[in-house]
Amino acid sequence: MATQREILKRIKSVKNTQKITKTMEMVSTAKMKKMQDRITMSKPYGEKLETIIDHLRQTGVEDVYDPLMQERPDPNRILVLMITGNRGLCGGFNTRVIDNTINFKNKLTIEEGKEVLIYSMGKKGSNYFKFIKEPIYKSVLNPEDKFKFEDASKLGEELINLFVTGEVDEVYVSYTKIMTRSTQKATITRLLPLKPESVAIQESVEDFHVEYIFEPNPYKIFSSLLPLYIKMKLYLAVLESGFSENFARRVAMKNATDAAKEMVRDLTITYNRARQAKITKEISEIVGGAAALE
């Protein structure tokens, strides 16, 4: 059985760990709130962009050839942008995204015989692929809460260029999507080529009454809006992934803090029992010694 000194040392160690996990929980909560505010402020812009694109489509603009909407006859080279975190201590957040990406890659390569390139954003995803000795097309750190729309614009231009030049035939994004405030799901969505039905909210011709004056013309406007739409989707994907990571880390740290509290309680009970046993033993020795002197 551990001595009183050893138990006290263990209690002190667990309390120090509890302070760390509590602090990390508070930091994750603050970052999560920051990400949520940015998502809330960005979504109206994205929704309005979708509405304008949808209205343009109602005029028949979608029938015009645009390189970003061109379906390749036999897509063989696929690029998957995988968004993970740079750090751990967030439960199964990174694992779910990585597993989902690997399953998707295996399905395309083994079952369909396609070539899949992994574009990893996030240290955890890159390190895992290096560990299992899987090749990576490109690896970058996740800017996390420092991610700006300018970063999404640069990333979008890079992916668009890869697609338009024919270096890749399709582009997918593997990330954690926010389903509800307390529910997130690892998902993979196709970014390029854009599908007309997935670009914007569907609206019947009968409900379409908005009239626009186009300058210079609807075709050029439509072509200029599509790259912006792609960049906006990337921006929201990274923000949603950042929110989900901090949500997962907050939950993990709260569970760790609660577990530390329970451990301190159990250790305190063990310490009190050991202390009581020692006192009882000393009293027994004193009583026994006094009886021997009579």
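In this text, all values refer to a predicted model and were calculated from it rather than measured experimentally.

## A short note on unusual backbone geometry
With the exception of glycine, most residues fall at negative phi, and the peptide bonds are largely trans.
Stage number 1. The amide bond that connects leucine 192 to the next residue, proline 193, takes the cis arrangement and shows omega of -5°.
Stage number 2. Mapping proline 193 onto the fold places it in the loop between strand 5 (183-192) and helix 5 (196-199).
Stage number 3. Here lysine 133, not a glycine, exhibits a phi torsion of approximately 60°, which is positive.
Stage number 4. By secondary structure assignment, the location of lysine 133 is in the loop between helix 3 (123-131) and strand 3 (138-140).
Stage number 5. On the basis of relative accessibility, which here comes to 72%, the residue lysine 133 falls in the exposed class.
Stage number 6. The phi dihedral of glutamate 144 is positive, around 55°, even though this residue is not glycine.
Stage number 7. Of note, glutamate 144 is situated in the loop between strand 3 and helix 4 (149-164).
Stage number 8. Among the residues examined, glutamate 144 registers a relative accessible area of 17% and is labelled buried.

## A word on helix 4
Stage number 1. Taking 1.5 Å of rise per residue, the 16 residues of helix 4 would be expected to cover 22 Å, and the 22 Å separating its terminal C-alpha atoms lies within 8% of that figure.
Stage number 2. Residues of helix 4 that are buried: Ala152, Leu155, Gly156, Leu159, Ile160, Leu162 and Phe163. Axial view of helix 4: buried residues confined to an arc of 155°, hence all on one face.
Stage number 3. The positive-phi residue at the C-terminal boundary of helix 4 is glycine 166, with phi of around 85°.

## Let's talk about the nonpolar core
Most often, soluble globular proteins keep nonpolar side chains buried together rather than apart.
Stage number 1. Counting 42 residues, the largest nonpolar core has Leu81, Leu159 and Leu192 as its most contacted members.
Stage number 2. With 14 residues, helix 6 (residues 218-293) is the largest single contributor of residues to this core.
Stage number 3. Ile78, Leu108, Val116 and Phe129 belong to the second largest nonpolar core, which has 13 residues in total.

## Details of the sheet that holds strand 5
Stage number 1. Reading across the sheet, the 5 strands line up as 3-2-1-4-5 and stay open at both edges, with mixed pairing between neighbours. Across the chains shown, the open sheet's two edge strands, defined by having one partner strand only, are strand 3 and strand 5. Strand-to-strand twist in this sheet, taken as the mean axis angle between neighbours without regard to direction, amounts to 25°.

## Overview of the side chain of asparagine 142
Stage number 1. Positionally, asparagine 142 belongs in the loop between strand 3 and helix 4.
Stage number 2. At 2.8 Å, the side chain of asparagine 142 and the backbone oxygen of threonine 84 are in polar contact.

## Concerning the side chain of serine 28
Stage number 1. With respect to the secondary-structure elements, serine 28 resides in helix 1 (residues 4-58).
Stage number 2. Here serine 28 is in contact with Asn246, Arg249 and Arg250, once residues within four sequence places are set aside.

Reading the values: the criteria
- Residues numbered from 1 in each chain as written.
- Predicted model: local features only at pLDDT ≥ 70, side-chain atom pairs only at ≥ 80, totals over all residues.
- Heavy atoms only, no water.
- Helix = DSSP H or I, 4+ residues; strand = E, 2+ residues; numbered from the N terminus.
- Buried < 20%, exposed > 50% of the residue type's maximum accessible area, 1.4 Å probe, protein only.
- Expected span 1.5 Å × (residues − 1).
- Arc of directions from axis to C-beta.
- Core = buried A, V, L, I, M, F, W, Y, C linked by side-chain atoms within 4.5 Å.
- Pairing = 2+ DSSP bridges.
- Axes fitted to C-alpha atoms, helices over the stretch in contact; angles between N-to-C directions.
- Polar contact = N/O pair within 3.5 Å; in protein donor to acceptor, adjacent residues only side chain to side chain.
- Contact = heavy atoms within 4.5 Å.

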